[in-house]
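So you can see what is in the structure, the chains are spelled out below.
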Amino acid sequence: MAEIPDAIAKKEAKLLSILSDDILELEPDFRTTDDLFEAGLDSMAIMRLLIHVETAFGCRLPVSQVNRENFSTVQKIAALIPAE
Amino acid sequence: MNFPATNALHVKKTDVLVVGGGTAGIAAAVSAARAGARTLLVERRNALGGMASNALVHTLCGLYLLRNDDAQPLTYANEGFPRELAERLIQAGGASGPVRMGKLDVLPHQPAALAAVADDITRRTPNLTVLLHTDLTGLISGPGQIQAAHLQSRGHVFEVAVNSLIDASGDAEAGALAGAAFECAPADRLQRPAYIFGIGGAHETALAGDARFRLAHLISGAVASSQLSAEALGVAFRHGVSQNEIWATIDLQADPYDPCSPECLTRVEACGRRVSFEIIRYLRAHAEGFEKARITCTPAQAGIRESRRLSGLACLTEEDILQGRQVEKPAALACWPLELRENSKGPRFRFPEENRPVGISLDCLRSRTFENLFVAGRCISCTHEAQASIRVTGTCLATGEAAGRAAAAILR
């Protein structure tokens, strides 16, 4: 069953707040479709992000999904996280 | 008081004393000696190069002007000694590049090669004496002037009279010992330290493709399951000059942090070593390409990014750098963006307008307390924010060269 848009938006907002509170210095107008690598995401930041995702969403992303393409925007990372 | 070994040191008086043999100190000493001043350079460790050798920092940053894109030609920000050292390193096979990393151009180098090149340059410089294994323990000063320095090595204490002194200690140690004015950011704002170690024996594809992402996944899982300490989350891997060599850099939060406290430094060094060996053991057992990996070198000291800043006749600010402000007759140009590492969030870069370099005035290299005290390197007179730009090697070399010339010039 497709995820409802509200649930997706909620997930993206939660992820964006994790990123801006604990991982990166993001501009206030940073959007869920903006490039995270341009904003400074690197492998060290991804390590910390994976731990936060596990705590906040209760899921551990499989290694096969952790790559540059899947982690380039908040929207793409959120799509990897299963619906709550 | 008995000074039984005073006669063991031939140097009793020097025109210019340079304290600290990091890149700023090397540049300062060579430039002062070339300008005709009898110069003494003292370094407490066994090798010149400071962070770029002893802390295993393995890329020289701030050598080249910022470029808007790859099509623009690459230009040295400071001709003179920064360029000379970079070219000597490349000729000696101790550096390869420059390479472009994101929006920045850097020169990857071998830390040990930089120390060897520095040995060679200083040995061939007339008027220059280098003393390794030698520490500054105190300064004698009169009104507005530093008169002599107490040096010590292996239980010997020496007194050397000086005409001028260049503090290239990185921590404004000479300034602090002399009672000169200095500043230091609050502990929670200081740029965090890094512990760097070398890895050999990994497969040459160990970092290829998405391998860094797989390593991130592996290490985060190990930290989450308490198989690795939380500090391992600060690690990043990068190839060295040769593809067989990997450098691991652990950014440490190190709270409570005080880079001038021996208790804190002891804790930082021990933590860096412990986590380095934890990481390599874990990678050998679990990471593809790391099965035969081993630690090839640990640093003589952790990488310190910021501590004291000497208060000068002028003070370089964040606005100066972000606006690329020019001064009349700049002593040096700084071109690295503000690279803020005040917490474990990793670097936050702020680039200057139109990528313009900023001119550093000689007044930022002169103590406001002592007329004959100069400063070079990461502890020049600047704000905490501006220090996040000027601390890089290219700029340290340039301020070192300028301070060396200025210190030699006041003799005449």
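Only a predicted model underlies this, so the values are computations on that prediction, with no experimental measurement involved.

1. Observations regarding the interface of chain A and chain B
Interfaces are often sized by the amount of accessible area the parts lose when they come together.
Right, so step 1: With 22 residues of chain A in contact, the opposing surface of chain B contributes 22 residues.
Right, so step 2: Summed over both sides, the interface of chain A with chain B buries roughly 1,900 Å², with 65% coming from carbon and sulfur.
Right, so step 3: Contact with chain B buries area across many residues of chain A, yet A:Glu25, A:Met44 and A:Met47 alone supply 32% of it, more than any other trio.
Right, so step 4: Our count for the chain A to chain B interface comes out at 1 salt bridge.
Right, so step 5: The closest approach of N and O atoms between A:Glu25 and B:Arg348, which form a salt bridge, is 3.7 Å.
Right, so step 6: Viewed at the interface, chain B and chain A are joined by 3 residue pairs in polar contact (both at pLDDT 80 or more).
Right, so step 7: At the level of secondary structure, the elements contributing two or more residues to the side of chain A that touches chain B comprise helix H1 (5-23) and helix H2 (43-57) of chain A.
Right, so step 8: Per-element tally for the side of chain A that touches chain B: the top contributor is H2(A), with 8 residues.
Right, so step 9: Grouping the constituent residues of the side of chain A that touches chain B by class yields 12 nonpolar, 3 polar and 7 charged.

2. Some points on helix H9 (residues 393-409) of chain B
Right, so step 1: Between its first and last C-alpha, H9(B) extends 24 Å over 17 residues, near the 24 Å set by a 1.5 Å rise per residue.
Right, so step 2: With 15 of its 17 residues buried, H9(B) lies for the most part within the structure.

3. Considerations on the domain arrangement of chain B
All names here are of chain B.
Right, so step 1: Domain assignment breaks chain B into domain 1 (6-186 + 308-409) and domain 2 (194-297).
Right, so step 2: Spacing between the C-alpha centres of domain 1 and domain 2 amounts to 28 Å.
Right, so step 3: Taking both partners together, domain 1 and domain 2 bury about 1,200 Å²; carbon and sulfur atoms supply 62% of that area.
Right, so step 4: Three residues stand out in domain 1 for area buried against domain 2, namely Leu56, His58 and Gln110, and they jointly supply 41% of the buried area on that side.
Right, so step 5: At the boundary of domain 1 with domain 2, the tally comes to 1 salt bridge.
Right, so step 6: The closest approach of N and O atoms between Arg341 and Asp251, which form a salt bridge, is 2.8 Å.
Right, so step 7: At the boundary of domain 1 with domain 2, the tally comes to 1 residue pair in polar contact (both at pLDDT 80 or more).

The rules behind each value
Residues numbered from 1 in each chain as written. Chains lettered and ligands numbered in written order. Predicted model: local features only at pLDDT ≥ 70, side-chain atom pairs only at ≥ 80, totals over all residues. Heavy atoms only, no water. Contact = heavy atoms within 4.5 Å. Buried area = accessible area lost by both parts, 1.4 Å probe. Salt bridge = Lys/Arg side-chain N within 4 Å of Asp/Glu carboxyl O. Polar contact = N/O pair within 3.5 Å; in protein donor to acceptor, adjacent residues only side chain to side chain. Helix = DSSP H or I, 4+ residues; strand = E, 2+ residues; numbered from the N terminus. Nonpolar A, V, L, I, M, F, W, Y, C, P; charged D, E, K, R; others polar. Expected span 1.5 Å × (residues − 1). Buried < 20%, exposed > 50% of the residue type's maximum accessible area, 1.4 Å probe, protein only. Domains from an automatic or database assignment.

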